[in-house]
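Residues per chain are reported as follows:
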Amino acid sequence: NTIMFDDLRRNCVMNPQNGLIIKPFRKAHANRDNDQELVKLTQYLLAIAELDDLSTLNHNHWERFTEDNVKRPRHA
């Protein structure tokens, strides 16, 4: 139930299933208006927030993830 995000892959080596690699925020003064990484990350986290089990997710392509990809449990 825990996801760790970092811009350094080596920081996720010990827990690869729980590691989500994001792009580094470089040249903040020049890129602050264009950077969408945290916006996309927020959308991803909101999409998976209600899942009971995060262990089946592959975070390698989290940027392409949409809420339609989530297999939500069916309620009777």
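Scroll up to find the structure this text is about.
Keep in mind the model is a prediction, meaning the values are calculated, not measured. (Residues numbered from 1 in each chain as written. Predicted model: local features only at pLDDT ≥ 70, side-chain atom pairs only at ≥ 80, totals over all residues. Heavy atoms only, no water.)

Draft legend 1. Examining the environment of P16 more closely. Turning to its location among the elements, P16 is positioned in the loop between β1 (4-6) and β2 (19-21). Considering only alpha carbons, one finds P16 and N60, 44 residues apart in sequence, at a separation of 9.8 Å. (Helix = DSSP H or I, 4+ residues; strand = E, 2+ residues; numbered from the N terminus.)

Draft legend 2. Local environment of the nonpolar core. In this structure, I3, L20, I22, L41, Y44, I48, L51, L54, L57 and W62 together form the largest nonpolar core, which totals 10 residues. The element that contributes the greatest number of residues to this core is helix α2 (residues 37-48), accounting for three residues. If we ignore the near neighbours within four places in the chain, the residues touching W62 are L20, I21, I22, E37, K40, L41 and Y44. (Core = buried A, V, L, I, M, F, W, Y, C linked by side-chain atoms within 4.5 Å. Buried < 20%, exposed > 50% of the residue type's maximum accessible area, 1.4 Å probe, protein only. Contact = heavy atoms within 4.5 Å.)

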